[in-house]
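# Working through the structure, step by step
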Amino acid sequence: MKRVIVIGGGVAGMQTALRLADDGCDPLILEKEGELGGKLRDWYVLFPTFTPASEVLAELKGRVIRRGIEVRTSAEVAAFTPHSVTLAGGETLACDAVVVATGFTLFDARIKEEYGYGIYDNVVTSADLERMFAEGRVAKSDGSRPRRIAFLHCVGSRDEKVCQSHCSRVCCITGVKQAMEMKRLFPEADVFNFYMDIRMFGPGYEEMYREAQQRCNIHFVRGRISEASPTIDGRIQIKAEDTLTGRPLKMSVDMLVLLVGMRANDSNARFAAQSGVERSPSGFLAPKSLFLDGVRSTAEGIFYAGTVTAPKSVGECVCEGYAAADAAAEYVKER
Ligand SMILES: Cc1cc2nc3c(=O)[nH]c(=O)nc-3n(C[C@H](O)[C@H](O)[C@H](O)COP(=O)(O)OP(=O)(O)OC[C@H]3O[C@@H](n4cnc5c(N)ncnc54)[C@H](O)[C@@H]3O)c2cc1C
Ligand code: SF4
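What you are looking at is a predicted structure, and each value in this text was computed from that prediction instead of being measured.

### Examining the domain arrangement of the protein chain
Taken domain by domain, the protein chain consists of domain 1 (3-104 + 264-333) and domain 2 (109-262). Look at where the C-alpha atoms of domain 1 and domain 2 centre, and you get two points 31 Å apart. Here the residues of the side of domain 1 that touches domain 2 sort into six nonpolar, three polar and one charged.

Now the structure itself:
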C-alpha cells in the first residue's frame, strides 16, 4: 500500500487521512503537539450554528481512531520532500507523497501596541475569549460583570503596517458569534462591534449578523479604534472615528476584545526554500492554481489541505481534506 504522510493533525489533516484510507492508501498523521485537533481544541462553540467545537472534534477524532489510522503526536516536521519527511529530532520517514496541513498562526496582538494587549487589564483577544467561554470564567479582571463591551475587527489583518494585507475571513463572523455569546451571558451589557467592512461570506452568516442586530441589539459601528488607554476607575477608554458620520468618538468600556487575524506560519518560508513549493505574497503556501488545482502545490507529490494556503472555516478545511486526499491518491496510484 502506498504511504502518504499528512503533516498536521488539525481538522484538515484528520479529514485528509480518513479519505486517504478510503482511497486505499496508508496514511500517517504527524502532529507536533501532544494531541490531535489543532486550533479547534481552543474554541468554545462554532459559527454559524453554536455547535460545541469539542463535539465536532470528538466526532472527527473518533473516526480517526475507529479507522485505525496511524498517528504520531509530539512529532514536529522540520523538512520534507515528496518521498521523505524529516522530524525535528532528525529521524527520516519514507513515503510516496505528502499532504501539508500545518494550518495557520494567530496574529500576536501585542504587536499592535496602541490597543494595550498584554499591558492593560480587560483587553483580551478573540482567542482568549474562546478559552474564557470554555472555562466559564468570563468577567472583568476584578471578577465583576462587564457593562459595556467593545469588539475591534481586523486586528492584524488588512493592515500593511504589520505586513498582513490579507483579510482573515473568519474574524467578522467570529465577532458576531462572540458578541451574541456575550449578550447571552450579560443581557444588561451594551455590546459594540467596530468594523472596517463586514464580510459575511458563508451560509447562514448574514442571517446571524442580522439576528445580532435585530434580536440581540448589538451595535455595529463603522470605524476603527485608533488607541486604547486605561482610566483611573479601571475601565478602558477607546478613541475611534465613526467613518459613516465622520465624527471622532470616545467611549469607556469594561472589556475590549481584539479580533485577531490568521497569519501564515513562519515555517512556510523554510518549507518553501527546502522543498521547492511556493508562497503567496501573504506568506501562506501557494497552490498550483487557484481555480483548478487548489490542493496541489507547484511541486509534484506535495499537496495541501486547510488553512496552510489561506484563511478558511472548518467546513471549508474539511472539504479540502477530501480533495487533497483524492489528488494525492491519484498521484501515488499512477507511480
Ligand atoms: C478566534 C478564531 C475562532 C474561530 N472560530 C471558528 C468557528 O467558530 N467556526 C469555524 O468554522 N471556524 C472557526 N475558525 C477557523 C478555524 O480555526 C480553522 O478553520 C481551522 O482551525 C483550520 O484547521 P487546519 O487543520 O487548517 O489548521 P490548524 O487548526 O492550525 O491545525 C494545524 C495542525 O498542524 C500542526 N502543525 C503545524 N506545524 C507542524 C509541523 N511542522 N509538524 C507537525 N505538525 C504541525 C499544528 O500543531 C496543528 O495541530 C476560527 C478561527 C479563529 C482564529
Ligand atoms: S473577516 Fe472581517 S474582521 Fe476579519 S480581516 Fe476580514 S474584514 Fe477584518
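The structure having been displayed, the exposition proceeds.
### Section: the site of ligand 2
By nearness alone, 14 residues border ligand 2, and Cys154, Ser157, Cys167, Cys171 and Cys172 come closest of all. At the level of elements, strand S12 (148-155) and helix H4 (170-185) are the ones that each hand at least two residues to the shell around ligand 2. Each residue belonging to the shell around ligand 2 can be placed in one class, and the counts come to six nonpolar, four polar and four charged.

### Describing the pairing of strand S1 (residues 3-7)
Counting buried residues in S1 gives four out of five residues, a clear majority hidden from the surface. For S1 and strand S2 (residues 26-30), the ladder comprises five bridges, and the chain directions are parallel. Counted as the bridge partner of Val6 is Ile29 from S2.

### Quick word on the sheet that holds strand S6 (residues 77-81)
Here three strands make up an open sheet; going across it, the order is S6-S7-S8 and the pairing antiparallel. Edge positions in the sheet fall to S6 and strand S8 (92-94), since each has one partner strand and no second. Strand after strand, the sheet turns through a mean of 20 degrees between neighbouring axes, direction not considered. Where S6 lies against strand S7 (residues 84-87), four bridges are found, and the strand directions are antiparallel. Looking at S7, one finds that Thr81 is bridged to Ser84.

### Here we look at H4
In a regular helix each residue adds 1.5 Å, so 16 residues correspond to 22 Å; H4 covers 22 Å between its end C-alpha atoms and thus fits that length. Of the positions making up H4, those classed as buried are Val170, Cys171, Cys172, Ile173, Thr174, Gly175, Val176, Lys177, Gln178, Ala179, Met180 and Met182.

### Quick look at the site of ligand 1
Near ligand 1 you find 39 residues, and of these Gly8, Gly10, Gly38, Gly103 and Gly306 are the closest. Of all the elements in the fold, those that place two or more residues in the shell around ligand 1 are helix H1 (11-22), helix H3 (126-135), H4 and helix H7 (314-333). For the shell around ligand 1, the per-class residue count stands at 17 nonpolar, 14 polar and eight charged. A domain-level breakdown of the shell around ligand 1 finds at least three residues from each of domain 1 (3-104 + 264-333) and domain 2 (109-262).

### Observations concerning the nonpolar core
Counting 56 residues, the largest nonpolar core has Val4, Ile7, Val98, Val99 and Ala328 as its most contacted members. Breaking this core down by element, the ones donating at least two residues are S1, H1, S2, helix H2 (53-66), S6, strand S9 (97-100), strand S20 (302-304) and H7. It is H7 that contributes the most residues to this core, eight residues altogether. Residues contacting Val4, with those up to four places away along its chain left out, are Leu20, Cys25, Pro27, Cys95, Asp96, Ala97, Val99, Ala328 and Val332. Listed in part, the 41 residues of the second largest apolar core include Phe47, Leu129, Ile225 and Val253.

### Some details on the sheet that holds strand S11 (residues 123-125)
One open sheet accounts for five strands, arranged S11-S18-S12-S13-S14; its pairing is parallel. The open sheet is flanked by S11 and strand S14 (219-222), the only strands paired with a single partner. Going across the sheet, the axis of each strand differs from the next one's by a mean of 25 degrees, ignoring polarity. Relative to strand S18 (residues 255-260), S11 is paired through three bridges, and the arrangement is parallel. By the bridge assignment for S18, Val124 is matched with Val257.

The rules behind these values
Per chain, the residues get numbers from 1 upward, laid out in the order the sequence is written. Both sets of labels track the order of writing: A upward for chains, 1 upward for ligands. It should be noted that, the model being predicted, local features are given only for residues of pLDDT at least 70 and side-chain atom pairs only at 80 or more, the latter also being counted only at that level, while totals for whole chains, interfaces and linings use all residues. Note that the domain bounds reflect an automated or database-derived domain assignment. We call Asp, Glu, Lys and Arg charged. Ala, Val, Leu, Ile, Met, Phe, Trp, Tyr, Cys and Pro are nonpolar, and the rest, Gly among them, are polar. Whether a residue is near a molecule or strand depends on its C-beta atom, placed from the backbone, lying within 6 Å of it. Strands here are runs of E lasting at least two residues and helices are runs of H or I lasting at least four, both read from the DSSP assignment and numbered beginning at the N terminus. Counts of 20 or more other C-beta atoms within 10 Å of a residue's own C-beta define buried residues, counts of 12 or fewer define exposed ones, and intermediate counts define partly exposed ones; C-beta atoms are placed from the backbone. At least two bridges found by DSSP between two strands is the condition for calling them paired. Fitted lines through C-alpha atoms give the axes, limited to the stretch in contact for helices. The angle between two N-to-C directions lies from 0 to 180 degrees. Here the expected length of a helix is defined as 1.5 Å per residue gap, with one fewer gap than residues. As used here, a nonpolar core is made of buried Ala, Val, Leu, Ile, Met, Phe, Trp, Tyr and Cys residues. They are joined through C-beta atoms within 7 Å. Any two residues are considered in contact once their C-beta atoms, placed from the backbone, lie within 7 Å.

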